[in-house]
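Understanding the architecture of this molecule
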Amino acid sequence: MLHRELAELLDEELRRRGTSVIPAGEVFGKWKGLKDEEKDHEIVWPPMVIVMNTRLEQDENDKWIGMGNQELLDYFNGYAAVKSRHSYGPQGHRGMSVLIFESSARGYLEAERLHKHFAEQGTDRNAWDRRRVLFHPGGKRQLYGYIAVKEDLDIFNQHSQGRSKLKYEMRSYQEMVVRQINQMSEDNQQLIWLKSRVDKEQRKTKTLEESLEIVSDKLRKTAEENRIVRQRTQMHHEQSQEELDFQEQFFKDQLKVIHEARDAKEEDFEHLQQKEREKAKQLSANPSNTEEYRRRVEEMEKFIQFQDKEMKDYVAERDRLIKAHEEKFAAMKRRHWEEEFELEKEFDAELTCLMEKYTHPQSAKGSNNV
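The shown structure was predicted, so the numbers you read here are calculated from the model rather than taken from an experiment. (Residues numbered from 1 in each chain as written. Predicted model: local features only at pLDDT ≥ 70, side-chain atom pairs only at ≥ 80, totals over all residues. Heavy atoms only, no water.)

Observations regarding the overall build of the protein chain
- Within the protein chain one finds 8 helices and 8 strands.
- Across the 370 residues in the protein chain, those meeting the buried criterion constitute 18%.
- Working note: accessible area of the protein chain is about 30,300 Å², and carbon and sulfur atoms make up 53% of it. (Helix = DSSP H or I, 4+ residues; strand = E, 2+ residues; numbered from the N terminus. Buried < 20%, exposed > 50% of the residue type's maximum accessible area, 1.4 Å probe, protein only. Areas by Shrake-Rupley, 256 points an atom, 1.4 Å probe, with all protein chains shown as cover.)

Here it is, written out as structure tokens:
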């Protein structure tokens, strides 16, 4: 009990002196930062900046006149204020004006930027309340400014009634500024990502267009080259066909000569046989006696029989020779057609291999994808 009371007294004394007892096992030198939750506060909405000392002089009725709306906007045209208002009372212009900014986080940041500008040059709220200097040497009025709070607008509306009052509302700083800035940041990141994606897509599209143009150009060149090759092939084929036709006609002419010579030989052979028969007939004419006549007739009959038998044998052998010739000719034709067929097949296979050799896999793949 006494020990606990002594510990409490020592702890109280250390707190009064600004220190404390460090429990055993705890690390000395820890820091304490901001509170876990930042306190929110209310702000005037739309954002506004109060500008003081905006009246100029008194008129003939002893009423104060001052800066106009457009004139005030022109003075601060480097800041994105959307409109301006001035406070009036029984004595006229009260020298109190307000710049109104757009109802957005951007508008608030512009109002805050103008507020900081006034503070940096020493013409902020504190200077107006404590050490205001209304005139510069030479007679120019010094303007003062600061971001508006509710009390400022109550003073501004002091002599205003109904619709002439400056309308505003009090809103949460976290809701109207911080959240919007965070949302803008997220939107900006999303926009950057989208722009990056669009740029990539555009670069990809450009690359594809360039590749397509190159491929199309190559295809056009290839098509033209193929056309030239086909044209040359056609010309070569026509020339080859002309040569073949010429050779065919040459051999036909040679065969015609052989056939005509053969026909002439057969005619000569027939004429020779007829002459032999006529000669035999002549020998049997004008016999010297009957016995001689009979002998010549018998010889003539034997000659004719012999000649007829030889002619029959000749005709038979000639028919066999013609048949053998026709069979050999048909076999030769058949071999010719078979060789021509095999030659065409061999050429077709070699042409297919040649086309496969010059068919690029990537081009084939690309055409399949299309």
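What about the packing of aromatic side chains?
- Under the defined criterion, the tally for this structure stands at 5 aromatic pairs.
- Taking 5.5 Å as the distance between ring centres and 75° as the angle between the ring planes, the aromatic pair formed by Phe-250 and Phe-251 counts as edge-to-face.
- Above the face of the Trp-64 ring, Arg-55 is positioned so that its terminal group lies 4.3 Å from the ring centre.
- The cationic tip of Arg-132 hangs over the ring face of Trp-128; the distance from NZ or CZ to the ring centre is 3.8 Å. (Phe/Tyr/Trp six-rings, centres within 6.5 Å; stacked < 30°, edge-to-face > 60°. Lys NZ or Arg CZ within 6 Å of the ring centre and 35° of its normal.)

Some thoughts on the nonpolar core
- Counting residues in hydrophobic clusters, the biggest one holds 21 residues, and the most contacted among them are Phe-76, Leu-99, Phe-101 and Leu-114.
- Contributions of two or more residues to this core are made by strand 1 (42–45), strand 2 (48–52), helix 2 (69–75), strand 6 (92–101), helix 3 (105–120) and helix 6 (173–283).
- Among the elements that take part in this core, helix 3 stands out by supplying 4 residues, more than any other.
- Both domains that furnish three or more residues to this core are identified here as domain 1 (42–167) and domain 2 (173–266).
- Val-44, Ile-50, Met-52 and Trp-128 belong to the second-largest nonpolar core, a separate cluster that totals 15 residues. (Core = buried A, V, L, I, M, F, W, Y, C linked by side-chain atoms within 4.5 Å. Domains from an automatic or database assignment.)

Focus: the pattern of salt bridges
- Going through the model one piece at a time under the given rule, you end up with 12 salt bridges.
- Note that Arg-220 and Asp-217 form a salt bridge whose closest N and O atoms lie 3.6 Å from each other. One end of the pair, Arg-220, and the other, Asp-217, are both in helix 6, 3 residues apart, so they sit about a helical turn from each other.
- Arg-220 gets classed as exposed once you look at its relative accessible area, which sits at 51%.
- Measuring nitrogen to oxygen at the nearest pair gives 2.6 Å for the salt bridge that ties Arg-227 to Glu-224. In this pair, Arg-227 and Glu-224 are both assigned in helix 6, 3 residues apart and thus about one turn of the helix distant.
- Through salt bridges with shared partners, a single network forms among Glu-169, Arg-171 and Glu-175. (Salt bridge = Lys/Arg side-chain N within 4 Å of Asp/Glu carboxyl O.)

Focus: the confidence of the model for the protein chain
- Residues of the protein chain with pLDDT of at least 70 account for 87%, and the chain-wide mean is 83.
- The weakest mean pLDDT in the protein chain belongs to helix 8 (residues 361–369) at 53; the strongest belongs to strand 2 at 95. (pLDDT = per-residue confidence, 0-100.)

Quick notes on a negative patch on the surface
- On the surface, Glu-260, Asp-263, Glu-267, Asp-268 and Glu-270 cluster together into a patch of negative charge.
- Along the chain, Asp-263 turns up in helix 6.
- Look at Asp-263 and you get partly exposed, because its relative accessible area is 43%. (Patch = residues over 30% accessible without salt bridge, like charges linked within 9 Å, V, L, I, M, F, W, Y side chains within 5 Å. Lys, Arg positive; Asp, Glu negative; His and termini not counted. Charge placed at Lys NZ, Arg CZ, Asp CG, Glu CD.)

Observations regarding the side chain of Asp-152
- Checked against the element boundaries, Asp-152 lands in helix 5 (residues 150–156).
- A distance of 2.7 Å separates polar atoms of two side chains, one belonging to Asp-152 and the other to Arg-125.
- With near-sequence residues (within four places) excluded, Asp-152 lies in contact with Ile-50, Met-96, Arg-125, Tyr-146 and Ile-147. (Polar contact = N/O pair within 3.5 Å; in protein donor to acceptor, adjacent residues only side chain to side chain. Contact = heavy atoms within 4.5 Å.)

Observations regarding unusual backbone geometry
- With an omega of 5°, the peptide bond between Trp-45 and Pro-46 qualifies as cis.
- Of note in this structure, Asn-53 is not a glycine but carries a positive phi near 70°.
- By secondary structure assignment, the location of Asn-53 is in the loop between strand 2 and strand 3 (55–58).
- At Asp-62, a residue that is not glycine, the phi angle is positive and equals roughly 60°.
- Mapped onto the elements, Asp-62 comes out in the loop between strand 3 and strand 4 (64–66).
- Residue class for Asp-62 comes out partly exposed when judged on its relative accessible area of 49%.

Here's the deal with the environment of Pro-46
- When you line up the elements, Pro-46 lands in the loop between strand 1 and strand 2.
- Its relative accessible area of 17% is what places Pro-46 among the buried residues.
- Along the backbone, Pro-46 and Ala-105 are 59 residues apart, and their C-alpha atoms lie at a distance of 9.8 Å.
- Contacts of Pro-46, omitting those with residues within four sequence positions, involve Ile-100, Phe-101, Ser-103 and Lys-167.

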